There are 2 protein chains.
Amino acid sequence: MLTDGFWAERQRVNGYATLAHCFAWLERLGWLDNFDRVLTGTTGGYRPGWQFSDSEVYKLMEALAWEHARTGDPDAEAMLLRLTVRVAAAQDDDGYLNTCFGHDGQDPRWSDLEKGHELYCAGHLFQAAVARARTAPEDELVRVARRLADHVCREFGSSGRDGICGHPEVELGLAELGRALKERRYVEQALLFVERRGHGRLGAIPLLGPQYFQDDLPVREADVWRGHAVRALYLGAAAVDVAVDLGDDDLLDAVRRQWDRTVERRTYITGGMGSRHQDEGFGEDWELPPDRAYCETCAGVASVMVSWRLWLATGDVRYVDLMERTLFNVVATSPRSDGRAFFYANPLQQRVAGSDVDQDTENPRAEGGTRAPWFDVSCCPTNVARTLASWQAYAVGVEQTPGGGDVVTLLQYAGAEVRVGLTGGGHLALRVRTRYPVEGEVDVEVVEAPDRPVTVRLRVPHWAEGARLVTPQGEGEAPPGWADVTRRFAVGERIRLLLPVAPRFTWPDPRVDAVRGCVAVEAGPLVLCVESTDLPAGVDVEEVRVDPAGRVRPVGAGRARAAGAVVPAPEPAEGGRPPFGPRPPADSGRPFELPLVPYHSWAERAPTTMRVWLPTT
Amino acid sequence: MLTDGFWAERQRVNGYATLAHCFAWLERLGWLDNFDRVLTGTTGGYRPGWQFSDSEVYKLMEALAWEHARTGDPDAEAMLLRLTVRVAAAQDDDGYLNTCFGHDGQDPRWSDLEKGHELYCAGHLFQAAVARARTAPEDELVRVARRLADHVCREFGSSGRDGICGHPEVELGLAELGRALKERRYVEQALLFVERRGHGRLGAIPLLGPQYFQDDLPVREADVWRGHAVRALYLGAAAVDVAVDLGDDDLLDAVRRQWDRTVERRTYITGGMGSRHQDEGFGEDWELPPDRAYCETCAGVASVMVSWRLWLATGDVRYVDLMERTLFNVVATSPRSDGRAFFYANPLQQRVAGSDVDQDTENPRAEGGTRAPWFDVSCCPTNVARTLASWQAYAVGVEQTPGGGDVVTLLQYAGAEVRVGLTGGGHLALRVRTRYPVEGEVDVEVVEAPDRPVTVRLRVPHWAEGARLVTPQGEGEAPPGWADVTRRFAVGERIRLLLPVAPRFTWPDPRVDAVRGCVAVEAGPLVLCVESTDLPAGVDVEEVRVDPAGRVRPVGAGRARAAGAVVPAPEPAEGGRPPFGPRPPADSGRPFELPLVPYHSWAERAPTTMRVWLPTT
């Protein structure tokens, strides 16, 4: 469990504020009442919420299950049980469960596979049930999920409806549920859904085309993620689960290939994915505009889910590096520090400060600029909640090598007490002390160890050139990748990893046209940015320039200052001309030291203008 | 009339190919049958086309009226008369005319002002009638328009429905019709519609907000165009017409202010407007991405309409300069050289070559890359057709100075024979010989002149530094702006304007983040581009660099070659990392001379990759 620091604070706020906040909005908007209406047979007439509003309830339930397991919080448990009762009461006798279809006054079940989201909602219920099944004795939530999964298998099995859902998710839920409950047929149904996609089964949505829901190419044949980012990534995560459980190396290789190209060409420095607002989707290779970056929070969550599964399947450190990048710079960026407002989109440049958002109304827009308490389409708040509540699951891995040795891997660094059961018997307990990512020292103390050699594996992030490792055997360089310390540990022995988190410059690939002539500043895993709040009067964000040959120095709390200049924006010689001229604009300016703050903290103090990518002097 | 050259060729193709092409598609898709169905009372059931499909018929009728006036082509006349009969037959007894609302099985009239486009369609009918009224004796088309205009005035007058149309256009049609038919009440109705907008009368469209249809701010109060570009520009054009006819300087000043800021901050080097696909709209100031530039063809047409009206109202040369930029680089870019396929969007960079478009199907998408014969929303082909058919109207102006002198202004240059009646009596006839824009000499010969001094005013475009003027009085410099030659002209006398059309470099304002570190090449009014078709095997568009200190030389037919280099795209040292690294990418390359072609001709030879903005060495 986390003890202190960056993620512990976010877990704490999530537990005491965000979960209740989400519950209150679900209740207030009537998205919970929808379940009661099914029970009471009053579904005719107006139904609040989009077709997929049930899924927000399920994501909150998943978050509550993880939160209760993490803290034992009886309020979280009570809220989860109350929600379970209301959800269970809306389940039809044959296992079908959805508040938007199939009841009095509603469209028939499965009548709109493209946009209806029935299977999508089922998938989120399954994930909630998995969280419960992994942390408590089987209860009604798990039984509801079993009944619904059985229903889905009957309806959509190989001799049933030959359909898929417009929004992938049921594949992921079925695969996880099948694994957790040891029901292989659920995993096989997930595979069936995965295989059915990509053959044009779904009807077209105007202006979007079949790639919007990945129905353009079979998963096995695609080389890159495309279309709606969250859909593509949920599908990818499901494909990994299915591939691993069913030993399908071809399918696993397809996802790895898609991850490679997507990361190399369609991923922001923040780890954000999705560069288009129009379809909430991926753009072409190298199309990574900072201002119109969509980088939906949910796509960040989904990217972490895919990468984690790929690490579990392969042990490749690159997946974990991307998880860290995305967790610090997308997932941590979305919630306001009080846990009661969220970014939906996460652009890397804001030219016009967002307006103050009404904190008492659901926000109709998913644009960046200001965090909002809730959205008309409000997928992000509950997705953040379930991710933060289970963050520690992404931080530590336990495995056994083919030779029989136990390996305990520290994937992410945070102040924590770790105690894991070893495959070879006994436990390893570690106390991790660190102020990471603000400082680079990670101190790992052995608290309990078996009487045999065990490997403690530490991740040296790819940016950490010059990292050093101090072990009981001595001190040495720790190049990026995995640093293994194998030893018969004694209690009280320590491993210290020294990561260089001083701020540094980062350059874009020249094919990323949108940020040509710019550099970014990173510090450890944090992407930094310039925000108008920190600039003196009379200096605009668009006027600052940075000197990548100059000094960039830390000033505490993850902040930095970089040598540069202020180049006043040109005045047009003559108005009414397009912003292009026959001579290069003046680029001389007065020296200026740019104040930089962690990107995840932007727009916390006030609506601001902001940029991550800084034009060079 | 045009005799030869760039625009004469386009008018010729428009006349023999595009008009019949549009008619054939309208017939084939049933958008013409919709009128017949109203007549026969068979409107119940399926109706092909969007709510605004009537407007495509009207825009074609407008084009036919201009074409017949230009050439006397009896086929154009016959087609127009046949269309008039079918349209007139669908008009209700009270003057209402629309094939989508108000008849058996249809929604009631005016029941969806936000999206119904009834008034929008009426506006396009009015513009068609104006073309007819200005070029022929009053006929049935004009009478149909009168009846509909009277109906609109009754329904939406100051004591009628307090509504406006989601898509501005009726304002423009009413103002033009009122001016052409000397019916001031139509102009006053147009003013009423203009004034009603901007107060939130229209219901919200999800995710778009009231600025989508300019209902966020009154026209008089806005400082810049925003929202859907075509809507904003049609509204602007109408506001100028109304302001001029009713002597409303405040309203005129508002449009001038909006034009200034929009041109300075929201206009592409091509003259294109609209940087967002999501709402076909303007982005924020300086948000001008080349790859995702929407630059809808219709927005180019609309921009020309606004600028022309502003020139008529003020005489300011800047408006005419922008018209030329937009005509050559947006309007001329849309149609394929055979006049049977069109660009809808006009991006300035294409990373992935468009796929070949089925020439026998309407295209569902408005993306750039390949010209399509018709679109699901097919506003652009007929808009191009009416603009080309009336191009010469934008080329020459006649006015009288307060002192009583006659001024004949050559706004645009093309091989032409010009004969205009002078306000002071008599005629001035000029023969213009030029290969502009490929060559820079414009030779104007006086063919007929009155026996008194007359001013021939020539436009020296803003890019034409170093232009020279040769007149019967002598030769001299001609700085950008207006060059007046006032003289009692003798037949056979000549004026020669020598414009420097050698290719030149153009730099962006540093606030246009998306093209930082790049320059463009222009030659006269033409924007040039690099296209993959012209690159040797093994060189990609994304690998070329240009040296703005190096030579750029013309190679004929508007093409050029510029000194530069090929810098091979970097190979990632390790795959699966985002495209950002700790060191500047190598920028050394081998010398290379970049082949440049006019942007308007791109993707004519094959689907290609392309860029206007070229990274510098």
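Quick caveat, the model's predicted, so the values are computed rather than measured.

Rules behind the numbers
Residues numbered from 1 in each chain as written. Chains lettered and ligands numbered in written order. Predicted model: local features only at pLDDT ≥ 70, side-chain atom pairs only at ≥ 80, totals over all residues. Heavy atoms only, no water. Pairing = 2+ DSSP bridges. Helix = DSSP H or I, 4+ residues; strand = E, 2+ residues; numbered from the N terminus. Buried < 20%, exposed > 50% of the residue type's maximum accessible area, 1.4 Å probe, protein only. Contact = heavy atoms within 4.5 Å. Least-squares fit on C-alpha atoms with pLDDT ≥ 70 in both. Expected span 1.5 Å × (residues − 1). Polar contact = N/O pair within 3.5 Å; in protein donor to acceptor, adjacent residues only side chain to side chain. Axes fitted to C-alpha atoms, helices over the stretch in contact; angles between N-to-C directions. Buried area = accessible area lost by both parts, 1.4 Å probe. Salt bridge = Lys/Arg side-chain N within 4 Å of Asp/Glu carboxyl O. Parallel < 35°, antiparallel > 145°, perpendicular 65-115°, else oblique. Left-handed = near helix turned anticlockwise from the far one by under 90°. Nonpolar A, V, L, I, M, F, W, Y, C, P; charged D, E, K, R; others polar. Bend = angle between axes of the 7 residues up to and from the residue. Core = buried A, V, L, I, M, F, W, Y, C linked by side-chain atoms within 4.5 Å. Disulfide = S-S within 2.5 Å. Phe/Tyr/Trp six-rings, centres within 6.5 Å; stacked < 30°, edge-to-face > 60°. Lys NZ or Arg CZ within 6 Å of the ring centre and 35° of its normal.

With that settled, the discussion passes to the pairing of strand β5 (residues 415–421) of chain B. Regular strands show a simple pattern: their side chains alternate between the two faces of the sheet. Residue and element names in this part refer to chain B. Two strands pair when backbone bridges link them, and strand β1 (residues 2–4) and β5 are joined in this way by 2 bridges, in the antiparallel orientation. Considered in β5, the bridge of D4 is made with G415. Of the pairings in the sheet, the one linking β5 to strand β6 (residues 427–434) comprises 6 bridges and is antiparallel in character. Counterpart to A416 in the pairing with β6 is V432. The loop that links β5 with its antiparallel partner β6 comprises 5 residues; one of these, G425, has a positive phi angle of about 100°.

Residues and elements named next belong to chain B. Turning to its location among the elements, A429 is positioned in strand β6. Classification of A429 by relative accessible area gives buried; the value is 7%. Taking the C-alpha atoms as reference points, A429 and T99, separated by 330 residues in sequence, lie 46 Å from one another. Those residues in contact with A429, other than ones at most four positions away along the chain, are V418, R419, E445, V446, V447 and E448.

Before going further, it helps to spend a moment on the relation of the copies chain A and chain B. Relative to chain B, chain A is turned by 180° and slid 0.0 Å along the rotation axis, the superposed coordinates differing by an RMSD of 0.0 Å. Put plainly, the chains are arranged around a two-fold axis. Of the residues that chain A buries at the interface, 100% are likewise interface residues in chain B, meaning the two copies contact each other through the same surface.

This next bit is on helix α12 (residues 317–331) of chain B. Residues and elements named next belong to chain B. Look at α12: 20 Å from first C-alpha to last across 15 residues, which is about the 21 Å you get at 1.5 Å a residue. Counting buried positions along α12 yields 15 of 15 residues, so the element is predominantly enclosed. The opening residue of α12 is D316, an N-cap whose side-chain oxygen sits 2.9 Å from the backbone nitrogen of R318.

In sheet architecture, strand pairing relies on hydrogen bonds along the backbone and comes in two forms, parallel and antiparallel. Residue and element names in this part refer to chain B. Ordered in space as β1-β5-β6-β7-β12-β9-β10, the 7 strands form an open sheet in which the pairing is antiparallel. Across the chains shown, the open sheet's two edge strands, defined by having one partner strand only, are β1 and β10 (474–477). Going from strand to strand, the sheet's axes swing by 15° on average, the running direction of each strand aside.

Take the interface of chain A and chain B next. In this assembly, 66 residues from chain A lie in contact with 66 residues from chain B. Between chain A and chain B the total buried area reaches about 5500 Å² when both faces are included, carbon and sulfur atoms providing 54% of it. The largest contributions to the chain A side of the interface with chain B come from W507, R577 and F580 of chain A, which together make up 13% of the buried area. Counting every contact that joins chain A to chain B gives 10 salt bridges.

Let's shift gears to the packing of helix α5 (residues 118–133) of chain A against helix α7 (residues 170–181) of chain A. Residue and element names in this part refer to chain A. Two elements in contact, α5 and α7, have axes separated by 7 Å at closest approach and are oriented at 30°. Here α5 lies roughly parallel to α7, going by the angle between them. Read as a crossing pair, α5 and α7 show a hand that is left-handed. The segment α5 lies against α7, with L119, A122, G123, F126, Q127, A129, V130 and A133 engaging V170, L172, G173, L174, E176, L177, A180 and L181. By residue class, the composition of the contact of α5 with α7 is 12 nonpolar, 3 polar and 1 charged.

In this section: the packing of helix α10 (residues 249–265) of chain B against helix α11 (residues 297–314) of chain B. To describe two helices that pack against each other, one gives the angle between their axes and the distance between the axes. All names here are of chain B. Across the interface, α10 lies against α11 with an axial gap of 11 Å and an inter-helix angle of 130°. The orientation of α10 relative to α11 falls into the category oblique. Viewed along their axes, α10 and α11 form a crossing whose handedness is left-handed. Within the contact between the two elements, α10 uses L252, V255, R256 and W259 and α11 uses V306, S307, L310, A313 and T314. For the contact of α10 with α11, the residue count by class is 6 nonpolar, 2 polar and 1 charged.

Right, let's get into helix α1 (residues 6–28) of chain B. Three or four residues apart is the spacing at which side chains of an α-helix point the same way, because the helix has 3.6 residues per turn. An ideal rise of 1.5 Å per residue puts 33 Å on 23 residues; α1 of chain B measures up with 31 Å between its terminal C-alpha atoms. The principal kink in α1 of chain B, of about 45°, is found at N14 of chain B.

With that out of the way, let us pick up the nonpolar core. L458 and L499 of chain A are the most contacted members of the largest nonpolar core, which totals 182 residues. With 12 residues, helix α9 (residues 229–246) of chain A is the largest single contributor of residues to this core. Not counting residues within four places of it along the chain, the set of residues in contact with L499 of chain A comprises Y413, Y436, G440, V442, V460, P461, W463, A464 and A467 of chain A. Listed in part, the 181 residues of the second largest apolar core include V38, L125, F328 and V357 of chain B.

Residues and elements named next belong to chain A. Pairing is mixed in the open sheet, where 4 strands are placed in the order β3-β4-β8-β11. Whereas interior strands pair on both sides, the edge strands pair on one side only; in this sheet they are β3 (396–400) and β11 (481–487). Sheet twist, expressed as the mean angle between neighbouring strand axes with direction ignored, is 20°. Note: β3 against strand β4 (residues 406–410), 5 bridges, orientation antiparallel. Following the sheet pairing, G397 is matched in β4 by T409.

All names here are of chain A. The final tally for this structure, using the stated rule, is 0 disulfides over all chains. The cysteine C121 is free of any disulfide, with C165 supplying the nearest cysteine sulfur at 8.0 Å. Given the relative accessible area of 1%, C121 is considered buried. Of all cysteine sulfurs, the one in C380 lies closest to C295, which takes part in no disulfide; the gap is 12 Å. The exposure class of C295 is buried, given its relative accessible area of 0%.

With that settled, consider the packing of aromatic side chains. Residue and element names in this part refer to chain A. The final tally for this structure, using the stated rule, is 42 aromatic pairs over all chains. These aromatic residues form a ring-pair network of at least three members: F6, W7, F328, W391, Y413 and Y436. Residue placement shows R28 over the ring face of W25; its charged tip is 4.3 Å from the ring centre. In this structure, R318 is placed above the aromatic ring of Y319, and the distance from its NZ or CZ to the ring centre is 5.7 Å.

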